[in-house]
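Each chain is listed here by its residues.
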Amino acid sequence: MTPPDGFDPARAGFSRPSRSRARPESSMADDAPTPTRDYRETVFLPETPFPMRAGLPQKEPQILAKWDEQNLYHAIRADRQRAGAPLFVLHDGPPYANGAIHIGHALQKTLKDFVVRSRFLLGYDVDFVPGWDCHGLPIEWKIEEELRGQGRRKDEVSKAEFRTRCREYAAHWIDVQCQGFKRLGVIGDWENRYATMDFASEAAIVAEFHKFVASGQLYRGSKPVMWSPVERTALADAEVEYHDHVSPTVWVKFPVTEGSDAARGASVVIWTTTPWTIPANRAISYNEAIAYSVYVVEQIQGGLEFEPWAAPGDRLIVADKLVADVMDAAKVAKYRRVEPVDCQGMVCEHPLANLDPHYQFGVPLLAGDHVTDDAGTGFVHTAPGHGADDYMVWIAHGHREIPETVDPDGAYYPHVALFAGLKVLETEGKKAGKFGPANPAVIEKLIEAGRLLARGRLEHSYPHSWRSKAPVIFRNTPQWFIRMDEPVETKELGGRTLREAALEAIEATAFYPAQGKNRIRSMVESRPDWLISRQRAWGAPLAMFVDKETNQPLHDPEVDARIVEAIKAEGADAWFNRPVTDFLGPHDPERYEKVEDILDVWFDSGSTHAFTLENRAHTKWPADLYLEGSDQHRGWFQSSLLESSGTRGRAPYDAILTHGFTMDENGEKMSKSKGNTVDPEVVIRESGAEIIRIWAAMIDYADDSRIGKTILQTTSDAYRKLRNTIRYMLGALADFSPDEAVELDQMPPLERFILHRLWELDGQVRAAYESYVFQDVIRPVLDFCQEDLSALFFDIRKDSLYCDRPDHLTRRAARTVMHETFERLTAWLSPLMPFTMEEAWLTRFPQAHSNCLRTLPQTPGEWRNDYESSRWAKVKAVTTVVTGELEIKRQAKEVGAALESNPLVQILDRDSLEAFEGLNPAEVFRTSDCELGNPDWDDHLAAQAPAGYLSKQFNRPDVGHVYVTHRAASGEKCERCRRRLPEVTAPKFLCVRCDDAVAAWDAARA
RNA sequence: GGGCCUGUAGCUCAGUUGGUUAGAGCACACGCCUGAUAAGCGUGAGGUCGGCAGUUCGAGUCUGCCUGGGCCCA
């Protein structure tokens, strides 16, 4: 292979003085001319103390310490307040103070910090007070566990001590989580963080509760609620989870006492999975749309190992559709349909009536839509105290008395004949949560009474407590509710119902993403009255008195005020510890019952706006934004909506932003048992919080997002790219002074193009931050760094930056544009990557206070340049053909560096050729020289093109109008700038430009 | 079981009102440079757009069903 013209390996060796350190000048005893000096010192290489590798795990804590020292958040606010900036309020949804932070917390607080910092950047005065949710069952449960560990029963511990321990426990985790959130770089009013257990908060929550009492929105209902006997408490829907569970099933006969001739003498058959509710039975429900008949048993199945309870001659009433199933369960081989039955007005006797007078009452049949013929017998055993449907059908038929059958431990009350004291569930010891003796006892008695038709077992989905994992039961207890559907005659509600006010508030709220509105609306439309009472210890109390005669809450503003004052001073404990006379004043203590229930924790969290956004300086109610996970449509968004609508007639927020959940790398839910969790603390220790932040910025947070090893690696790569871009600019701008800045009309085309891109990005970044789409900040900026800066601008201007005289226009223009770029990059990215942008800013301006104090720099409209934008698109297309040709020659070992080439570039398309007007093609292609033109118009080029050049030269199908031929650059290599030009000669081996630059360099140092 | 959402290269994401051969960045392979060097530049490979069926001249885009995943609820 012949080397290309002008390529002399020997000289190539000379041309790299920087690598010839070990080679003594004299040892190369040949005749090749030697450069007279090493020009390296005259080259303006980038210089910066900003290291390539960040060392974030060490660097971040230093930056945090400085921010802390500067009191950064308050410093920014003070700055904005001095400038009269508009206020923006992001109200923090409180995490529960019972454990270390996980990746979901990290994502959420990071997103919140993006909001806070970007609003600061946009020029707002931002109020953000982090908070914690402290009351509630999970913490109580932890403390009970601790007590058990010490061998103490809960009963042995005073309520006051118990509450103190809960308070200490929550305080501990607030501290831990606070450190975790701060470490992520989250800024806010940490010193004045709120907590629902603060005395002032507890007082405010109780005051909010009093508003509901005063406006008549509260009532005491006797209603079946989900009840956990193990925890002795009512549970909210959110505190219940469903698991498979094996229950006994029974088919029970209710002899008909009133009804048609055919019906009398027959028995209505019901099927249930909760035999223990039979003593509470008061009715049987049927559906008017279902056909029922009397059937007579004719023959029992043979070969059974036991005596079936059914016998020939038995007359049973069931749904026609289900008769086969029922007969099969009863081991009946043959049966006959007697006649259809109209259930209207029928009455049965209780199946235990013949065992005890207690059960001697009529059991009416009631029509209800909740009855189906999918399974069972077509009849539903109805115990108004133990099921929501049961309760409703019972009430709907005009009944008022709800039997109370089991006590808070889930044991039958003493008045329940045959079963007094028996427990539905075991509540203590190793068997806690297992079914107790109630079911078997009831089944035994049914057999004894001759009313059991059949029995079995069934595995089905059954509600369990989310905390104890024990099954729950429906139990009729007195509870306090907030009405959803009664017109409220307050100033705020103006005769609307709470549901109406809440639905109107939803319409008035902006949702990001928009689907959130449907989601919360459908929930509010259908939700039942708000059950707010809990029979627990750790929470804010329903601090009120009930008149024993009228059963109505005492409404006296002075009493309420005394209660709130006492709680403000001593916490909720005041309600439990102080004598009632302290609160009641002139009222007769004998006449009033003190309510000791505590409030649903959702009422606490629903009230956070009241004690955070009101009566504090520099904030406002309502908040501009609430930001939480999408599960909070049922949680905090809704509790806040209801609480605020009930007391203030509207939502406490103008907008709601939701994010999805964080999955593992395969899109699966994270769980400790699967071992696929990502611990934010580990990521911070190994890579830095900045990596978590970039991850949060790059994902589509509205959807569920993934995180794992690969994804974090990709994130780190993106970080490195951004960091190196910044670093290069810092190096290039090390000695830049505004004096050398170049005016726009003096700028070369490349600089104008970059300014145009800055203008374009400025609009994109502002719009993206306005609408909280952080992805649309980091992705375009990252692409800009990669494509426009690193691969184009920096790569082309390297030559000018390193080799041109400092006063050269191109070099000055390039540095001016880099300066403008640095100004904007460090601002645009500061909300997302505050650590690195702070480091960069302070590297450039060591005397500056903090990058975080800045607002977005204004970008002049004159920077917009559509001509340069389309020009460079065409230039880039031509460039791909040039690099394509060089790549082919490189593989053929004909060329190495692009500077060895002087390509012939023939462009047949007028537009593309004209795009090069005013450009130096060699500079653009980063070659030493270049000839470019259209051979059809240019005789010189035509002469150089061999016949049939189109077929012989390199061309890409996607840029069909461009043909390129590599030709070795002729001339010696300039020892300073490495270009090969004919003008370079011994002994200096410098091109004209470098000769001049070196002279200037020497003169400056003379 | 019901409601809502979701599935485009290994990863993160673009893909206009349906309209050429589905794109970008990173990662990967190969090469160049050795004056951004644990960096920089270039070239390349990589996708049945979750699957099936339909509407249409034409479907990643519209419709239905199925399937994987998620949240909420029962």
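Residues numbered from 1 in each chain as written. Chains lettered and ligands numbered in written order. Predicted model: local features only at pLDDT ≥ 70, side-chain atom pairs only at ≥ 80, totals over all residues. Heavy atoms only, no water.

**Student:** Can you walk me through the overall build of chain A in this structure?
**Tutor:** Assigned secondary structure in chain A consists of 31 helices and 33 strands. Relative to the globule expectation of 30 Å for 1006 residues, the C-alpha radius of gyration of chain A, 41 Å, shows a markedly less compact shape. Considered along the principal axes of its C-alpha atoms, chain A spans approximately 125 × 75 × 55 Å. Buried residues in chain A amount to 56% of all 1006 residues. Sequence-distant contacts, at least 24 apart, represent 76% of the contacts inside chain A between residues at least 6 apart. With the model as given, the accessible surface of chain A reaches about 42400 Å², and the carbon-plus-sulfur share is 49%. Placing the 119 positive and 151 negative side-chain charges of chain A at their respective mean positions leaves the two points 4 Å apart. (Helix = DSSP H or I, 4+ residues; strand = E, 2+ residues; numbered from the N terminus. Rg over C-alpha atoms; globule rule 2.2 N^0.38 Å. Buried < 20%, exposed > 50% of the residue type's maximum accessible area, 1.4 Å probe, protein only. Contact = heavy atoms within 4.5 Å. Areas by Shrake-Rupley, 256 points an atom, 1.4 Å probe, with all protein chains shown as cover. Lys, Arg positive; Asp, Glu negative; His and termini not counted. Charge placed at Lys NZ, Arg CZ, Asp CG, Glu CD.)

**Student:** Looking at this structure, I do not really get the protein's contact with RNA strand B. What am I missing?
**Tutor:** Residues in close proximity to RNA strand B total 53 residues, the closest being Arg-634, Asp-700, Asp-704, Arg-727 and Tyr-802. Sugar and phosphate atoms form 78% of the subset of RNA strand B atoms that lie within 4 Å of the protein. Gly-667 places a polar main-chain atom, nitrogen or oxygen, 2.6 Å from a sugar or linking oxygen of RNA strand B. Gly-896 is positioned such that a nitrogen or oxygen atom in its backbone is 3.2 Å from a sugar or linking oxygen of RNA strand B. Put simply, the parts of the chain that give the surface near RNA strand B at least two residues each are helix H12 (515–526), helix H21 (709–732), helix H23 (775–803) and helix H26 (866–891). The leading source of residues in the surface near RNA strand B is H23, at twelve residues. A class-by-class count of the residues in the surface near RNA strand B yields 16 nonpolar, ten polar and 27 charged. (Near = heavy atom within 4 Å. Polar contact = N/O pair within 3.5 Å; in protein donor to acceptor, adjacent residues only side chain to side chain. Nonpolar A, V, L, I, M, F, W, Y, C, P; charged D, E, K, R; others polar.)

**Student:** Help me out: how do you make sense of the pairing of strand S9 (residues 283–286) in this one?
**Tutor:** Within a regular beta strand, the side chains point alternately toward one face of the sheet and then the other, so they alternate between its two faces. Residues Ala-283 and Ser-285 of S9 are buried on one face, and the alternating residues Ile-284 and Tyr-286, pointing to the opposite face, are buried as well. In this structure, S9 lies alongside strand S15 (residues 380–382), joined through three bridges in antiparallel fashion. The residue of S15 that forms the bridge with Ala-283 is Thr-382. Sheet topology places S9 next to strand S14 (residues 362–367); three bridges connect them, and they run parallel. The residue of S14 that forms the bridge with Tyr-286 is Ala-367. (Pairing = 2+ DSSP bridges.)

**Student:** When you look at the side chain of Asp-547 in this model, what are you seeing that I'm missing?
**Tutor:** Mapping Asp-547 onto the fold places it in strand S21 (residues 545–547). For Asp-547, a relative accessible area of 5% gives the class buried. Separated by 2.8 Å, the side chain of Asp-547 and the backbone nitrogen of Glu-549 make a polar contact.

**Student:** Would you mind showing me how to read the packing of aromatic side chains here?
**Tutor:** Each aromatic ring pair is characterised by the separation of its centres together with the angle its planes make. Counted by the stated rule, this structure contains 30 aromatic pairs. Taking 6.3 Å as the distance between ring centres and 45° as the angle between the ring planes, the aromatic pair formed by Trp-132 and Trp-190 counts as tilted. Of this pair, Trp-132 sits in strand S3 (residues 131–132) while Trp-190 sits in the loop between helix H6 (159–183) and strand S4 (194–195), placing them 58 residues apart in sequence. Trp-190 sits in the buried class, given a relative accessible area of 8%. Pairing Phe-181 with Trp-190 gives two aromatic rings, centres 6.5 Å apart and planes at 25°, and the pair type is stacked. Take Phe-181 and Trp-190: they sit in the same class, and that class is buried. Ring-pair connections join several aromatic residues into one group, and the members of that group are Phe-114, Tyr-701, Tyr-769 and Phe-774. Stacked on the ring of Trp-141, the Lys or Arg Arg-148 has its end atom at 5.6 Å from the ring centre. Lying across the ring of Phe-44, Arg-811 places its NZ or CZ 4.9 Å from the centre. (Phe/Tyr/Trp six-rings, centres within 6.5 Å; stacked < 30°, edge-to-face > 60°. Lys NZ or Arg CZ within 6 Å of the ring centre and 35° of its normal.)

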